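Working through the structure, step by step
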Amino acid sequence: MYNVPINQNKIVDAVIQKIPSMETDIEANYTYMGRTFNDMTINDASSSSAFSDCNSDRSGEFTSSTAAQSRRRLLIACASDNSDDDDLIQNLVSDLDSGSVDDQKQAAMELRLLAKNNPENRLKIAQAGAIKPLISLISSADPQLQENGVTAILNLSLCDENKELIVYAGAIKPLVKALRIGTSTAKENAACALLRLSQIEENKILIGRSGAIPLLVNLLETGNIRGKKDASTALYSLCSVKENKIRAVESGIMKPLVELMADFGSGMVDKSAYVVGVLVGVAEARAALVEEGGVPVMVEIVEVGSQRQKEIAVAILLQVCEESVAYRTMVAREGAIPPLVALSQSGTSRAKQKAETLIGLLRQPRSGITAAITSDLSTTYQD
């Protein structure tokens, strides 16, 4: 998994789908026409799973009056037949072109909520012609309008049938702009939208060439915990393409990744290591990892990390060492042998295999390596 995956999009989807949502109700449960509604919730980003939950928007910024109006119309949509539902969506799409900013905000917000948890609505909204006017809102100078536009596009992008439509309508550049100048929520949801669009392979190159990579690296470095998770998830997907790996390295991605991996309290060790595992397939990334002090961090993870973290770290070290005697020497001198021996005996089956392979590489007689190995093994067996 730690080399570029054969079908990385499915891996990203599987990881995302396994993430349990931590949710906060916008309002308490309520009943309409005999039906109880309690699913209009907003996810937060406190999950500690492997990647960020980019399934739909998780912001709770709506005012009480706005939420009440939306609830009324959405309840009617949920309780009505399909023709009325279609009429509601069509009316909302028409409001996106209104001369009133307030009407546009209301329509965009209600469309994003209609698309949040309902796959059928995502198709209906796209078919009603909402994609282009929503994309135009992303370039708005009004922060809330931009945020609603970004998030509605994110929710629509969860439908595979909509992904190509969104890209063809010109969404990538506005989403990148939102990454640059949007609110924190707009940046996070733009990262998630770009992740979803990147699940079509050819879009990865388009997104990379649009200037998204440096902005995602910046979000990884300076964002809040949710922003870091969203950025790492998007970068993991985008960096399956070689030219995006190079862009990420040139944008300075390795420094924040190493810092996050070194901080076991960050909740980002696994996520950052997965991204490093994708990147180190290119020599530039291996050199950057070493330059930023990544070798001792990897060795520490092999020694004290969780089973999953150890498996990722040993895979990264193996890639770093395979073609470089100098890096092997560095790894050996960092005291990697004792934890590698322990991992080869008690790790997961994959970790055991990689640890044994790496030990074999380090045992090859090269200047400086043999002495380091002999010393470390002696210390191990004495203990």
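Given the structure is predicted, the values throughout are model-derived calculations rather than measurements.

So, on to the overall build of the protein. Check the secondary structure of the protein and you find 23 helices and four strands. Of all 383 residues assigned to the protein, the portion counted as buried reaches 56%. In the protein, once contacts between residues fewer than 6 apart in sequence are set aside, the share between residues at least 24 apart is 72%. Of the roughly 15,900 Å² of accessible surface on the protein, 48% is carried by carbon and sulfur atoms.

Attention now moves to the packing of helix α13 (residues 225–238) against helix α16 (residues 269–279). Two elements in contact, α13 and α16, have axes whose closest approach is 9 Å; the angle formed by their N-to-C orientations is 20°. The orientation of α13 relative to α16 falls into the category roughly parallel. Crossing of α13 against α16: the hand is left-handed. On α16, the residues touching Lys229, Ser232 and Tyr236 of α13 are Lys271, Tyr274, Val275 and Val278. When the residues that make up the contact of α13 with α16 are grouped by side-chain class, the tally is four nonpolar, one polar and two charged.

Turning our eyes to something else, we now look at the pattern of salt bridges. For the structure on display, the rule yields 13 salt bridges. For Asp142, the salt bridge identified is with Lys105, shortest N-O distance 3.2 Å. Note that Asp142 is positioned in the loop between α6 (131–138) and α7 (143–157) and Lys105 in helix α4 (residues 101–116), a separation of 37 residues in sequence. By relative accessible area, Asp142 is classed as partly exposed at 22%. Given a relative accessible area of 17%, Lys105 falls into the buried group.

What follows deals with α7. Relative to the 21 Å expected for 15 residues at 1.5 Å per residue, α7 spans 21 Å between its end C-alpha atoms, a close match to the ideal helical length. Taking burial as the measure, the 15 residues of α7 include 13 buried ones, the bulk of the element. Its side-chain oxygen 3.0 Å from the backbone nitrogen of Gln144, Asp142 forms the N-cap of α7.

Moving on, we get to the side chain of Asn155. Mapped onto the elements, Asn155 comes out in helix α7. Given the relative accessible area of 0%, Asn155 is considered buried.

Considered for burial, the residues of helix α20 (residues 325–333) that qualify are Tyr327, Arg328, Thr329, Val331 and Ala332. A positive phi of about 80° marks Gly335, the residue just after α20.

Our focus in this paragraph is the packing of aromatic side chains. Each aromatic ring pair is specified by the distance between its two centres and by the angle formed by the two planes. One pass over the structure, following the stated rule, counts one aromatic pair. Taken together, a centroid distance of 6.3 Å and an interplanar angle of 80° make the contact between Tyr236 and Tyr274 edge-to-face. In this pair, Tyr236 is assigned in helix α13 and Tyr274 in helix α16, connecting sequence segments 38 residues apart. When sorted by exposure, Tyr236 lands in the same class as Tyr274, which is buried.

Mean pLDDT over the protein: 81, with 73% of residues reaching 70 or higher. For the stretch residues 1–6, pLDDT sits under 50, and the model shows 19 contacts to residues farther than four places along the chain or on other chains. Between residues 14–50, whose pLDDT stays under 50, and residues either more than four places distant or in other chains, the model counts 81 contacts.

All right, on to the environment of Ala231 then. Mapped onto the secondary structure, Ala231 falls in helix α13. In sequence terms Ala231 and Glu221 are 10 residues apart; their C-alpha atoms lie 9.1 Å from each other. Once residues within four sequence positions are removed from consideration, Ala231 is found in contact with Leu216, Leu219 and Leu220.

In this section: the packing of helix α18 (residues 294–304) against helix α21 (residues 337–346). The geometry of α18 relative to α21 is characterised by a closest axis approach of 9 Å and an angle of 40° between their N-to-C directions. In terms of orientation, α18 and α21 fall into the oblique class. For the element pair α18 and α21, the recorded crossing hand is left-handed. The residues of α21 that touch α18, namely those facing Val299, Val302 and Glu303, are Pro339, Leu340 and Leu343. Tallied by class, residues from the contact of α18 with α21 come to five nonpolar, no polar and one charged.

Before going further, it helps to spend a moment on the environment of Ala351. Along the chain, the position of Ala351 falls in helix α22 (residues 349–363). Owing to a relative accessible area of 0%, Ala351 belongs among the buried residues under this scheme. For the pair Ala351 and Gln307, spaced 44 residues apart in sequence, the C-alpha to C-alpha distance is 8.4 Å. The contact partners of Ala351, leaving out residues within four places of it in the chain, are Glu311, Val314 and Leu343.

The rules behind each value
- Residues numbered from 1 in each chain as written.
- Predicted model: local features only at pLDDT ≥ 70, side-chain atom pairs only at ≥ 80, totals over all residues.
- Heavy atoms only, no water.
- Helix = DSSP H or I, 4+ residues; strand = E, 2+ residues; numbered from the N terminus.
- Buried < 20%, exposed > 50% of the residue type's maximum accessible area, 1.4 Å probe, protein only.
- Contact = heavy atoms within 4.5 Å.
- Areas by Shrake-Rupley, 256 points an atom, 1.4 Å probe, with all protein chains shown as cover.
- Axes fitted to C-alpha atoms, helices over the stretch in contact; angles between N-to-C directions.
- Parallel < 35°, antiparallel > 145°, perpendicular 65-115°, else oblique.
- Left-handed = near helix turned anticlockwise from the far one by under 90°.
- Nonpolar A, V, L, I, M, F, W, Y, C, P; charged D, E, K, R; others polar.
- Salt bridge = Lys/Arg side-chain N within 4 Å of Asp/Glu carboxyl O.
- Expected span 1.5 Å × (residues − 1).
- Polar contact = N/O pair within 3.5 Å; in protein donor to acceptor, adjacent residues only side chain to side chain.
- Phe/Tyr/Trp six-rings, centres within 6.5 Å; stacked < 30°, edge-to-face > 60°.
- pLDDT = per-residue confidence, 0-100.

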